[in-house]
Amino acid sequence: MSGLYAVLRDCLRAEEPVALATVIEVLADAEPPQSQEVATPLGAKLLVLPGQDALGSLGSPGLDHAVTRDLRGVLVSGLTTLRHYGPEGQNDGTEIAVFMEAFTPPPHLVVFGAVDFSRALVRVARVLGYRVTVCDARPVFATPARFPEADDVVVDWPDRYLAREGPRLGPADAVCVLTHDAKFDVPALMGALGTQVGYIGAMGSRRTKADREQRLRDAGASESDMERIMAPIGLDIGARTPEETAVAICAEIIVRQSGSRAVTSLRDGTGPIHRAR
């Protein structure tokens, strides 16, 4: 057991995803499985890391197999839950209660473009619990002094950054392209489309969007790729200032990640994206 806790500790320190199952209840009249002489013990634990065999045991191969399978789902969803099983891992059983804890790192927001809108977006995203990286190839703009609330400020081209870090991005993460420059936008978006990131947004007017989409098609993007890009970026809340725009962007990320369709994105509307007040 001490080895299991050591692995859990190391994962937490490194902010690597890990899921832990603990038996918290065994009904008094539960029959031990055929593979055991005694019932599953209270407090038995099982630990799962992505792409690795489970560590620990809950007492029976059948229960270990069923809980390992469900723990891998918990790793993806990031949701802590309570589930019940039979002594051999039967899904319709109620004899054994297993508490499953998901320890996943904070979602990652990558912002391309060291501009004023990015500064506001960093502030709002940090309030929502994101780890935020600002990336721009222009060293005079991409400085920690301009983005003191960002976790990382990277001076590099978007495609090179995503070639390194893109494989780490997953469904809970987001990429926002705020550069307004085709030589940055297209490489950033093509790089993001090659990842499993859950949200991709790009700033610009509807005319900018049309021009950029043609450039993306020329670079090899498909129509399904285009559907992944939220552009113009943000919900249609009438935002004008950098701070209001940051709220609109973060709100859209929340909506997309939650699967809600109760509000309207700028991408799905028509007409000017800035309205007179």
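Scroll up to find the structure this text is about.
Residue positions are given per chain, counted from 1 along the sequence in the order it is written. It should be noted that, the model being predicted, local features are given only for residues of pLDDT at least 70 and side-chain atom pairs only at 80 or more, the latter also being counted only at that level, while totals for whole chains, interfaces and linings use all residues. The side-chain figures draw on all heavy atoms in the structure; neither hydrogens nor water molecules are used.

Asks: Which parts of the structure should I look at to understand the packing of helix α4 (residues 158-165) against helix α5 (residues 182-193)?
Replies: Helix-helix packing is characterised by the crossing angle of the two axes and by the distance between the axes. In this analysis an axis means a line fitted to C-alpha atoms, helices contributing only their contacting stretch, and an angle means the value between N-to-C directions, from 0 to 180 degrees. Here a strand is any run of E in DSSP of at least two residues, a helix any run of H or I of at least four, and the numbering for each starts at the N terminus. Orientation of α4 relative to α5, taken along the N-to-C sense of each, is 15°, at an axis distance of 8 Å. The angle between α4 and α5 places the two elements in the roughly parallel class. For α4 against α5, the interelement crossing comes out right-handed. Residues Pro158, Asp159 and Leu162 of α4 form the contact with α5, whose participating residues are Phe184, Pro187, Ala188, Gly191 and Ala192. Each residue is assigned to one of three groups, with Ala, Val, Leu, Ile, Met, Phe, Trp, Tyr, Cys and Pro labelled nonpolar, Asp, Glu, Lys and Arg labelled charged, and all others, Gly among them, labelled polar. Class assignment for the residues of the contact of α4 with α5 results in 6 nonpolar, 1 polar and 1 charged. Angle categories: roughly parallel below 35 degrees, roughly antiparallel above 145, roughly perpendicular from 65 to 115, and oblique for all the rest. Throughout, a crossing is termed right-handed when the near helix is turned clockwise from the far one, and left-handed when it is turned anticlockwise from it by less than a right angle. The contact rule is simple, with two residues in contact once any of their heavy atoms fall within 4.5 Å.

Asks: How should the pairing of strand β1 (residues 18-26) be read in this particular structure?
Replies: In regular strands, side chains alternate between the two faces of the sheet. A strand pair is defined by DSSP finding two or more bridges across the two strands. When β1 meets strand β5 (residues 96-103), the two strands line up antiparallel, connected through 8 bridges. Looking at β5, one finds that Thr22 is bridged to Phe99. With 4 bridges connecting them, β1 and strand β2 (residues 45-48) associate as antiparallel partners. Residue pairing for β2: Ala19 is matched across the bridge by Val48.

Asks: How should the sheet that holds β1 be read in this particular structure?
Replies: Taking strand neighbours across the sheet as the criterion, the 5 strands line up as β3-β2-β1-β5-β4 in an open arrangement whose pairing is antiparallel. The sheet terminates laterally at β3 (55-57) and β4 (81-85), the two strands that pair on one side only. Geometrically, the sheet is characterised by an average inter-axis angle of 25° between neighbouring strands, direction not taken into account. With 5 bridges connecting them, β4 and β5 associate as antiparallel partners. Within β5, the residue paired with His84 across the bridge is Ala97. With respect to the sheet, helix α1 (residues 2-14) is in contact with β1, β2, β3 and β5, its orientation differing from that of β2 by roughly 40°.

Asks: Can you walk me through helix α8 (residues 242-258) in this structure?
Replies: One turn of an α-helix holds 3.6 residues; hence residues three or four places apart share an orientation. One less than the residue count of a helix, multiplied by 1.5 Å, gives the span that helix is expected to have. Over its 17 residues, α8 runs 24 Å from end to end, which matches the ideal 24 Å to within 8%, given 1.5 Å per residue. Exposed residues in this analysis have more than 50% of their type's maximum accessible area, buried residues have under 20%, and partly exposed residues fall in between, with area computed by a 1.4 Å probe over protein chains only. When α8 is considered as a whole, its buried residues turn out to be Thr245, Ala246, Ala248, Ile249, Cys250, Glu252, Ile253 and Val255.

Asks: Please clarify how empty space enclosed by the protein should be interpreted in this entry.
Replies: To find the voids left in a structure, one rolls a probe of water-molecule size over its atoms. Cavity: a set of points on a 1 Å grid over the protein atoms alone where a 1.4 Å probe fits but cannot get out. Pocket: an open set with protein on both sides within 12 Å along at least five of seven lines, its lining residues, like those of a cavity, having an atom within 4 Å of a point. Grid points are joined across faces, edges and corners, and a volume is the space filled by probe spheres set on the points. Per the counting criterion, the structure on display carries 1 cavity of 30 Å³ or more. For the largest cavity, the calculated volume is near 50 Å³. Along the walls of the largest cavity sit Leu189, Lys209, Arg212, Glu213, Leu216, Met226, Ile229 and Ala231, which together make up its complete lining. No other element matches helix α6 (residues 206-218), which puts 4 residues into the lining of the largest cavity. Classifying every residue of the lining of the largest cavity by side-chain character gives 5 nonpolar, no polar and 3 charged.

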